[in-house]
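Coordinates in review
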Amino acid sequence: MAKSKSDAPGKSVKAAGGWGALKSVGRQLMEAAIRWASRHRRIRRIELDVAVENEGAVALYKSLGFEIEGRAVQALYKQGRYMDRYDMALLVDRVRRES
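What you are looking at is a predicted structure, and each value in this text was computed from that prediction instead of being measured. (Residues numbered from 1 in each chain as written. Predicted model: local features only at pLDDT ≥ 70, side-chain atom pairs only at ≥ 80, totals over all residues. Heavy atoms only, no water.)

Side note on the sheet that holds strand 3 (residues 81-91)
Paired through backbone hydrogen bonds, the strands of a sheet run either parallel or antiparallel to each other. With respect to topology, three strands assemble into an open sheet ordered 1-3-2, the strand pairing being antiparallel. The open sheet has two free edges, formed respectively by strand 1 (45-51) and strand 2 (67-78), since each of these has just one partner strand. Between one strand axis and the next, the sheet turns by 25 degrees as a mean value, whatever way the strands run. Across eight bridges, the pairing between strand 2 and strand 3 is antiparallel. Pairing of Leu 76 across the sheet is with Met 83, part of strand 3. Lying over the sheet, helix 2 (residues 55-63) contacts strand 1, strand 2 and strand 3, oriented at roughly 160 degrees with respect to strand 1. (Pairing = 2+ DSSP bridges. Helix = DSSP H or I, 4+ residues; strand = E, 2+ residues; numbered from the N terminus. Axes fitted to C-alpha atoms, helices over the stretch in contact; angles between N-to-C directions. Contact = heavy atoms within 4.5 Å.)

Pasting the structure below:
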């Protein structure tokens, strides 16, 4: 059976429902990762970094309890220009207490 373009390695796949569906998948994946981490007592923090101008991702992470811990100026280079980056973290103990 031949692979469709969406099955080929390195190709992007479109989610039914457009960007709204992809945002929902991103939230679900992050929530699953946080639940997993909260069950493992040795995990104290979840850290991530994100481009400051990626406002949708920043809003998602904040809504999940992540806090901005710092800003690295011109730390990312994409499409011919430098961008700032937020360093964000979630303290897993806080999630455990809320569950």
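A look at the pairing of strand 3
As judged from the seven bridges shared by strand 1 and strand 3, these two strands associate in the antiparallel manner. Along strand 3, the bridge assignment pairs Glu 47 with Ala 89.

A short note on the pattern of salt bridges
For the structure shown, the criterion picks out eight salt bridges. Between Arg 27 and Glu 31 there is a salt bridge whose closest N-O contact spans 3.6 Å. On the criterion of helical spacing, the pair formed by Arg 27 and Glu 31 is a turn pair, its members being four residues apart in helix 1 (residues 19-38). Take Arg 27: its relative accessible area is 31%, and that puts it in the partly exposed class. For Asp 87, the salt bridge goes to Arg 85, with nearest N and O atoms at 2.9 Å. Since its relative accessible area comes to 27%, Asp 87 is described here as partly exposed. When salt bridges with common partners are traced through the structure, they connect Arg 45, Glu 47 and Glu 69 into a single cluster. (Salt bridge = Lys/Arg side-chain N within 4 Å of Asp/Glu carboxyl O. Buried < 20%, exposed > 50% of the residue type's maximum accessible area, 1.4 Å probe, protein only.)

With respect to the nonpolar core
Residues Val 50, Tyr 61 and Phe 66 are the most contacted members of the largest nonpolar core, which totals 18 residues. When residues of this core are traced back to their parent elements, those giving at least two are helix 1, strand 1, helix 2, strand 3 and helix 3 (92-98). Element by element, the count of residues in this core is highest for helix 2, at four residues. Excluding residues that lie within four positions of it along the chain, Tyr 61 makes contacts with Met 30, Leu 48, Val 50, Phe 66 and Met 88. (Core = buried A, V, L, I, M, F, W, Y, C linked by side-chain atoms within 4.5 Å.)

Details of helix 2
Of all the positions in helix 2, only Ala 57, Val 58, Leu 60 and Tyr 61 are classed as buried. Axial view of helix 2: buried residues confined to an arc of 160 degrees, hence all on one face. Relative to its buried face, helix 2 has exposed residues pointing more than 90 degrees away, namely Glu 55 and Gly 56. One or two steps after helix 2, the chain reaches Gly 65, where phi turns positive at roughly 105 degrees. (Arc of directions from axis to C-beta.)

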